[in-house]
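Topology and contacts: notes
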Amino acid sequence: MSVVQRPELSLWKRLFLVELLQGMAVTFRHWWRKPTTEQYPKERPKILPRFRGIPKLQDHPDVEGILCIACNQCSIICPDDCITVLGEPRTVGKGKQAKVFILDYERCCLCGLCEEVCPTTPVPAIFMSHEYELARYKRVDLMNDMKELYEPQPTKEYLK
Amino acid sequence: MKEQLIQYLAVPMLQIAAIIGVMLLCVMYLVLWERKLIAFMQVRMGPMRVGYHGLLQPIADVVKLLLKEDVVPKAADRWVHLISPIILMIPALACFAVIPFTGTSFEVGAFTIPLVNYDVPALTVTSWVADLNIGLLYFLAISSLGVYGLVLAGWSSNSKYSMLGSLRSAAQMISYEVPLGLSIVAILMLSGTASLVGIVEAQQEAGHWWLFWAPLGVPLLWPQFIGLFLYFVAAVAETNRAPFDLPEAETELVAGFHTEYSGMKFAFMFLAEYLNMILAALIVSVLFLGGWLPVTFGIPGLSELFGNFLPFLGGAGAAITGFFWLALKVFLVLTVYLWLRATFPRYRYDQLMSLGWKWLIPMGLAHVMVTALFMLLRG
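This structure is a prediction, so every number in the text was calculated from the model and none was measured.

Concerning the overall build of chain B
- On a plain count of helices and strands, chain B comes out with 11 helices and four strands.
- Taking 2.2 N^0.38 as the reference for a compact globule, 379 residues should give roughly 21 Å; the C-alpha atoms of chain B span a radius of gyration of 22 Å, in line with that estimate.
- With respect to the three principal axes, the spread of C-alpha positions in chain B is 65 × 60 × 45 Å.
- For chain B, the proportion of its 379 residues judged to be buried stands at 39%.
- Taking the intrachain contacts of chain B between residues at least 6 apart in sequence as the baseline, contacts between residues at least 24 apart amount to 77%.

Put into structure tokens, the structure is as follows:
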């Protein structure tokens, strides 16, 4: 433990309360600053391109059918064990495709490892979307199957 | 008989009702202004959801407070717990009786109330309920009664936080009563009267606000600035506002003396605190800043310029103008109050006591002496 030795204030500073007035000047300057507040439901935040929202599935026009090849790598690397993938033979061409893909948002920690390991080209089949409104009324709604993972979540419009 | 009944019963009743109504409205919007101003100083926006930029927020707050459940702790002294918000509230309201809101009286001609065919004679309605010749003493006496409300609230709640808060408030309010009184003595000597109306009239006669009283004719040598400073600091401490809000001290005592209060009773305590703030600002305006006199009063050439905005209304126009100037001064003083709250951290208890007894009281005594000396020199 050490005792901090502060310099004594000069008589002039003590007599005319200079430090107090300086403090008031600081708050006075802040008064005229533009507020940094964002009026959230009315005003949507600006999402930066590398923002990691909830993981979603996507297809690509260059690849026929489902982009996901059911390799299970995302499911293995997932630290929260929230991805379940079941495969079936591909309807077009060789290989596999996903038949069941379940993502449990309740457990997902938005780490983005699934997107990183995804081997599909030209884009990863599972990707971090820009959606951030995760609240649901029921727990079961947080279990998303393939159909729900494909469609973008509708943004609610607020009156105010 | 009938004239006396109207002059001394009906008119004061209406005045009291009007003052209470207007003051409660002022308190509501003062709370909003406080939240907004502090938000601006913290680079936030404050209430924004109810009404345009939160303008209807006070109404929402009042509705919330009225509808809330009134919880009384099991171990509380029920009666004292009920009475103490009322004890706080009554002195705060009673002090408004002596405040002169504007100088000119309203002349009301004789008229007949329709339906009941009651003839009302011509009346002169003043802007104050009563012009006591001991107005200042009345204010000091009544406003310090409020401390009983705080002490009893803390005691009756039977909670350690409330108890600590009310003990602090008792010590604080007793310590700061002395510099508050001392800072006013100089004004009493200058005006030669304790009536608040008389004090403003004395400033009108002197041709300047008491704040700018320059005994040696030297500008910027205004001894009343010390008086204003002393009064202001003591008034902040008296009304338990930041940075002297030790009785509430939300970081250490939950909410201090009103920890165990909710609903309507809490609303009363809240109201009393803000009424006291408005009252302190009104007294500053009346004693030091010339009450209803325009802000340009005392500057040669500009003195009469802003005396009456609505000359076509005659006396009523002058009265409304005076009211406007007083309201403007009170608003500015209250803004400084809130500015202090947004700037300074809370004093420690021992710092508060040493400031009061070691600095403000000697300063107050010196201020009285200096003013007396100057008055003597001037003859």
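Having seen the structure, we can now continue with the description.
Looking at the sheet that holds strand β3 (residues 96–104) of chain A
All names here are of chain A.
- The sheet built from three strands is open, its strands ordered β2-β3-β5 with antiparallel pairing. Each edge of the open sheet is held by one strand with a lone partner, namely β2 (83–89) and β5 (143–144).
- As paired elements, β3 and β5 share two bridges and run antiparallel to each other. Counted as the bridge partner of Asp-104 is Met-143 from β5.

A few points about the UniProt feature "transmembrane region" (unreviewed entry) in chain B
All names here are of chain B.
- Feature annotation in UniProt assigns "transmembrane region" (unreviewed entry) to the following positions: residues 6–30, 79–101, 136–155, 176–200, 220–237, 274–293, 313–339 and 359–377.
- Secondary structure across residues 6–30 comprises 100% helix and 0% strand; the distance between its end C-alpha atoms is 34 Å.
- Within residues 176–200, the helical portion is 84% and the strand portion 0%, while the C-alpha atoms at the span's ends are 25 Å from each other.

Observations regarding the environment of Lys-46 of chain A
Residues and elements named next belong to chain A.
- Looking at the element boundaries, Lys-46 is found in the loop between α2 (18–31) and β1 (55–57).
- Residue Lys-46 is classed as exposed on the basis of its 7 C-beta neighbours within 10 Å.
- C-alpha separation for the pair Lys-46 and Asp-141, spaced 95 residues apart in sequence, amounts to 26 Å.

Some points on the confidence of the model for chain B
- Of all residues in chain B, 94% have pLDDT values of 70 or greater, and the mean over the chain is 84.
- In the predicted assembly, ipTM is 0.72 and pTM is 0.81.

Section: the nonpolar core
- Residues Ile-278, Ala-281 and Val-284 of chain B are the most contacted members of the largest nonpolar core, which totals 83 residues.
- Among the elements that take part in this core, helix α9 (residues 263–287) of chain B stands out by supplying 15 residues, more than any other.
- When residues no more than four places from it in sequence are discounted, the contact partners of Ile-278 of chain B are Met-23, Cys-26, Val-27, Leu-30, Val-330 and Leu-334 of chain B.
- The next biggest cluster of nonpolar side chains, apart from the first, holds 18 residues, and it includes Ala-70, Ala-98, Leu-103 and Cys-114 of chain A.

So, unusual backbone geometry
All names here are of chain A.
- Pro-122 follows Thr-121 through a cis peptide bond whose omega is 0 degrees.
- Note on placement: Pro-122 falls in the loop between α4 (113–117) and β4 (126–128).
- Its identity as a non-glycine residue notwithstanding, Ala-70 has a phi of 55 degrees, on the positive side.
- Note on placement: Ala-70 falls in the loop between β1 and α3 (73–77).
- Its identity as a non-glycine residue notwithstanding, Asp-81 has a phi of 55 degrees, on the positive side.

A few points about the interface of chain B and chain A
- The partner chain A presents 10 residues to the 10 residues of chain B that form the contact.
- Those elements that place two or more of their residues in the side of chain B that touches chain A are α1 (2–41) and α10 (315–343) of chain B.
- Here the side of chain B that touches chain A takes three residues from α10 of chain B, the largest share from any one element.
- For the side of chain B that touches chain A, the per-class residue count stands at eight nonpolar, one polar and one charged.

Structural notes on α9 of chain B
- With 25 residues, α9 of chain B extends 36 Å between its outermost C-alpha atoms, agreeing within 8% with the 36 Å of an ideal straight helix rising 1.5 Å per residue.
- Among the 25 residues of α9 of chain B, 19 are classified as buried, and the element is accordingly described as predominantly covered.

Considerations on the packing of helix α5 (residues 146–157) of chain B against helix α6 (residues 160–191) of chain B
Residues and elements named next belong to chain B.
- Two elements in contact, α5 and α6, have axes whose closest approach is 7 Å; the angle formed by their N-to-C orientations is 160 degrees. Put simply, α5 runs roughly antiparallel to α6. Seen from above, α5 lies across α6 with left-handed handedness. Contact residues: Val-147, Leu-150, Val-151, Ala-153, Gly-154, Trp-155 and Ser-157 in α5; Ser-162, Met-163, Gly-165, Ser-166, Leu-167, Ser-169, Ala-170 and Met-173 in α6.
- Partitioning the contact of α5 with α6 into residue classes produces nine nonpolar, six polar and no charged.

What counts and what doesn't
Residues numbered from 1 in each chain as written. Chains lettered and ligands numbered in written order. Predicted model: local features only at pLDDT ≥ 70, side-chain atom pairs only at ≥ 80, totals over all residues. Helix = DSSP H or I, 4+ residues; strand = E, 2+ residues; numbered from the N terminus. Rg over C-alpha atoms; globule rule 2.2 N^0.38 Å. Buried ≥ 20, exposed ≤ 12 C-beta atoms within 10 Å, placed from the backbone. Contact = placed C-beta atoms within 7 Å. Pairing = 2+ DSSP bridges. UniProt positions renumbered as here; feature names shortened; annotations may be inferred. pLDDT = per-residue confidence, 0-100. Core = buried A, V, L, I, M, F, W, Y, C linked by C-beta atoms within 7 Å. Nonpolar A, V, L, I, M, F, W, Y, C, P; charged D, E, K, R; others polar. Expected span 1.5 Å × (residues − 1). Axes fitted to C-alpha atoms, helices over the stretch in contact; angles between N-to-C directions. Parallel < 35°, antiparallel > 145°, perpendicular 65-115°, else oblique. Left-handed = near helix turned anticlockwise from the far one by under 90°.

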